[in-house]
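Structural description and commentary
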Amino acid sequence: ALKFTAHVFWLVIRTAPSLQDPEQIAGNLDTLNKFLAIADTRLAANAFIAGPQFSLADIQMGHCLFRYFEIDIPRASFPHLQAYYERLCARPAYRRHVMVDYEELRVSD
């Protein structure tokens with residue numbers, strides 16, 4: 001979560017556009033993609049991060065994925081991660097408690 005929240009989300013949403021460093025964001029996305037590739041591989045064999053059952057790992061991963069898939073950034077292709085995210089979005093509790101508006105966090109110029 002920290003690799004996304006502090007290194008991508010905050011630099012895109014919580015930093016004024018005129019102060020954003022596209023090279024830093026791109027480098028941080030490259031690092032994040034290494035971790036997401038691990039998750040994607042794991043999700044190729046399991047319905048959830050830690051195995052066949054929903055767990056605390058999914059809560060941790062899931063809350064970041066909503067923002068990851070909603071902010072305007074280039075995303076690598078992770079088909080298993082995408083399918084996992086879609087499964088999370090189908091869960092009523094996820095929609096109610098995670099898929100919440102974060103627009104008030106956005107910093108503008």
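A short tour of the structure in this document, coming up. Only a predicted model underlies this, so the values are computations on that prediction, with no experimental measurement involved.

**Things to note about the pattern of salt bridges**
This structure, assessed with the given rule, holds 1 salt bridge. In this structure, Glu103 and Arg106 form a salt bridge, with 2.6 Å as the shortest nitrogen-oxygen distance. For Arg106, a relative accessible area of 39% translates into the label partly exposed.

**Description of helix H3 (residues 56–70)**
Helix length check: H3, at 15 residues, gives a terminal C-alpha distance of 22 Å against a target of 21 Å (1.5 Å per residue), a fit within 8%. Three or more residues of H3 are buried, namely Asp58, Met61, Gly62, Cys64, Leu65, Phe66, Tyr68 and Phe69.

**With respect to the packing of helix H2 (residues 22–45) against helix H4 (residues 79–89)**
When two helices pack together, their arrangement is captured by the angle between the axes and the distance separating the axes. Their axes nearest at 7 Å, the elements H2 and H4 cross at an angle of 75°. In this view, H2 runs roughly perpendicular relative to H4, as classed from their interaxial angle. Two secondary-structure elements touch here, H2 through Leu36, Ala39, Asp40, Leu43 and Ala44 and H4 through Pro79, His80, Leu81, Tyr84 and Arg87. Looking at the contact of H2 with H4 residue by residue, the classes come out as 7 nonpolar, 1 polar and 2 charged.

About the thresholds
- Residues numbered from 1 in each chain as written.
- Predicted model: local features only at pLDDT ≥ 70, side-chain atom pairs only at ≥ 80, totals over all residues.
- Heavy atoms only, no water.
- Salt bridge = Lys/Arg side-chain N within 4 Å of Asp/Glu carboxyl O.
- Buried < 20%, exposed > 50% of the residue type's maximum accessible area, 1.4 Å probe, protein only.
- Helix = DSSP H or I, 4+ residues; strand = E, 2+ residues; numbered from the N terminus.
- Expected span 1.5 Å × (residues − 1).
- Axes fitted to C-alpha atoms, helices over the stretch in contact; angles between N-to-C directions.
- Parallel < 35°, antiparallel > 145°, perpendicular 65-115°, else oblique.
- Contact = heavy atoms within 4.5 Å.
- Nonpolar A, V, L, I, M, F, W, Y, C, P; charged D, E, K, R; others polar.

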